[in-house]
Amino acid sequence: MKAFGFLSFGHYADVPGSATRTAGDMLKQTIEIAEGADEIGVNGASVRVHHWARQAASPMPLLSAMAARTQRIEVGTGVIDMRYENPFQFAEEAAALDLIADGRIALGVSRGSPETALRGYETFGFHDEEDPERGSVIAREKFDLFLRAIDGEGLAPGDPRMVGAGRYLAIEPQSPTLRDHIWWGSGSRATAEETGRKGLNMMSSTLLTEATGVPFHQLQREQIDLFRAAYKEAGHTGTPRVSVSRSVFPLVSDMDRAYFGLRSEENADQIGIIDGFRSTFGKTYAAEPDVLIQQLLADEAVMSADTLLLTIPNQLGPAYNLHVLESFATHVAPALGWKPNTEGPVQGDPVAAS
């Protein structure tokens, strides 16, 4: 682990105990957390994307504001659901964001997670006749178009009266660094290998749509190893990034113990059914800093990835969430190999040399 960031699900609800009552609260507070995290030295600020729910849903305006208000931190998503996206509009917006942020972005994209709406992407106007229940086919076809668009391929036939005969036009703007900042949210070993073959970065969360009997962190480490092997076998020679997500809470105050002390007793992975798959859920880490250090050093996926994303309880407000991030930066992260954002952009591992 070289870097850590935060991942906010962007929940908001007008309920007792919530500091985030409205969508406006959520958006402004996320920007505030990103600003504070940037000053602490945190490397990444990411938001989850969910439609048809009281959570963050339209990430580009939020990420643009976060990038404009910060100096060093990387802003991103975990993840954008491609079932809902127009690949060409998304390509234009992503390039503009990359240019605004001077490359400080980490756009996680995937087929998407289970949602409250029944095939909600169809209401957005996107249909998948081959796979109507899961939407995976339409998501992957659209993602391939997105990659072709950001690579500058001419995809729209030009009007001969305007640009001459036989010319195909690429989307604008173009950002030459954008492809390096695209991540695929991989939930299985098979998708990890596919991500490696495409030469992308890989984002893996606290849920894997597999259950093989081995502990979650070992299953995720297998996923990372397969990704890097596939990346190398495909002939890519870059330094791909890998991130994993964890719920981690250093218990350094009475408030921490009141909120998360009981979580320290829930020291086990869980198995459940998500989207029809028997799946493995990672455990929550909540303990004194010295215990957390030993637990995370023993987490094979955390130590294999270059970036750890901490899921934060955004409804507890900016002050408390910045306290969690600062506690981790002060008491835990240095022992894991962390380098703050003042030391420059995060680099992946040189797979071709491994």
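Basis of the calculations
One numbering rule holds for all chains: residues counted from 1, following each sequence as written. Reporting of local features is limited, given that this is a predicted model, to residues whose pLDDT is at least 70; pairs of side-chain atoms are given and counted only at 80 or more, and all residues count toward the totals for whole chains, interfaces and linings. Side-chain metrics in this entry use all non-hydrogen atoms of the structure; hydrogen atoms and water are not considered. The numbering of helices and of strands both runs from the N terminus, where a helix is a DSSP run of H or I of at least 4 residues and a strand a run of E of at least 2. Definitions used for this entry: grid spacing 1 Å over protein atoms alone; cavity, a set of points where a 1.4 Å probe fits but cannot get out; pocket, an open set with protein on both sides within 12 Å along at least 5 of 7 lines; lining residue, one with an atom within 4 Å of a point. Grid points are joined across faces, edges and corners, and a volume is the space filled by probe spheres set on the points. Three residue categories are used. Nonpolar comprises Ala, Val, Leu, Ile, Met, Phe, Trp, Tyr, Cys and Pro, charged comprises Asp, Glu, Lys and Arg, and polar comprises the others, including Gly. Think of pLDDT as the predictor's per-residue confidence, scored from 0 to 100. Contacts between residues were defined by any pair of non-hydrogen atoms, one from each residue, lying within 4.5 Å. The term nonpolar core refers to a set of buried residues drawn from Ala, Val, Leu, Ile, Met, Phe, Trp, Tyr and Cys, joined through side-chain atoms within 4.5 Å. For each residue, the accessible area found with a 1.4 Å probe, counting protein chains only, is set against the maximum for its type, and the residue is called buried under 20%, exposed over 50%, and partly exposed in between.

This next bit is on the environment of P114. Tracing the backbone through its elements, the reader meets P114 in the loop between β4 (105–110) and α4 (120–123). Between the alpha carbons of P114 and H50 there is a distance of 9.2 Å; along the sequence they are 64 residues apart.

Another point: the layout of surface pockets. Regions of empty space are outlined by a rolling probe, equal in size to a water molecule, passed over the atoms. Taken as a whole, the second largest pocket encloses approximately 560 Å³ of empty space. Lining the second largest pocket are 30 residues, with E74, D180, H181, R241 and V346 sitting closest to its centre. A breakdown of the residues in the lining of the second largest pocket according to their chemical character gives nine nonpolar, 13 polar and eight charged.

Here we come to the confidence of the model for the chain. Of the residues in the chain, 90% reach a pLDDT of 70 or more, and the chain-wide mean stands at 91. Segment residues 271–280 is flagged for pLDDT under 50; beyond a separation of four residues in sequence, or across chains, it makes 37 contacts in the model.

Turning to the nonpolar core, a few remarks are in order. F4, F90, L107, F143, F146, L325 and F328 are the most contacted members of the largest nonpolar core, which totals 68 residues. It is helix α5 (residues 136–150) that contributes the most residues to this core, six residues altogether. Filtering out sequence-adjacent residues up to four positions away, L325 remains in contact with F4, F6, I33, A37, I40, V42, L310 and I312. Core analysis: the second largest hydrophobic core is formed by six residues, F249, L251, F260 and V324 among them.

Let's shift gears to empty space enclosed by the protein. Applying the stated rule across the entire model yields three cavities of 30 Å³ or more. The calculated volume of the largest cavity comes to roughly 80 Å³. In terms of lining, the largest cavity is formed by 13 residues, of which the most central are S46, E74, A106, T307 and L309. Secondary-structure elements contributing two or more residues to the lining of the largest cavity are β2 (44–47), β3 (74–81) and β14 (307–312). For the lining of the largest cavity, the residue count by class is six nonpolar, five polar and two charged.

This paragraph deals with unusual backbone geometry. Most peptide bonds adopt trans geometry, and most residues besides glycine take a negative phi value. Of note, the bond from G78 into V79 is cis; its omega dihedral lies within 30 degrees of zero at 10°. Mapping V79 onto the fold places it in strand β3. The omega angle of the peptide bond from E172 to P173 is 5°, so this bond is cis rather than trans. Tracing the backbone shows P173 in the loop between β6 (168–169) and β7 (182–185). Of note, W52 is a non-glycine position whose phi angle comes to about 60°, a positive value. As for its placement among the helices and strands, W52 is situated in the loop between β2 and α2 (59–68).

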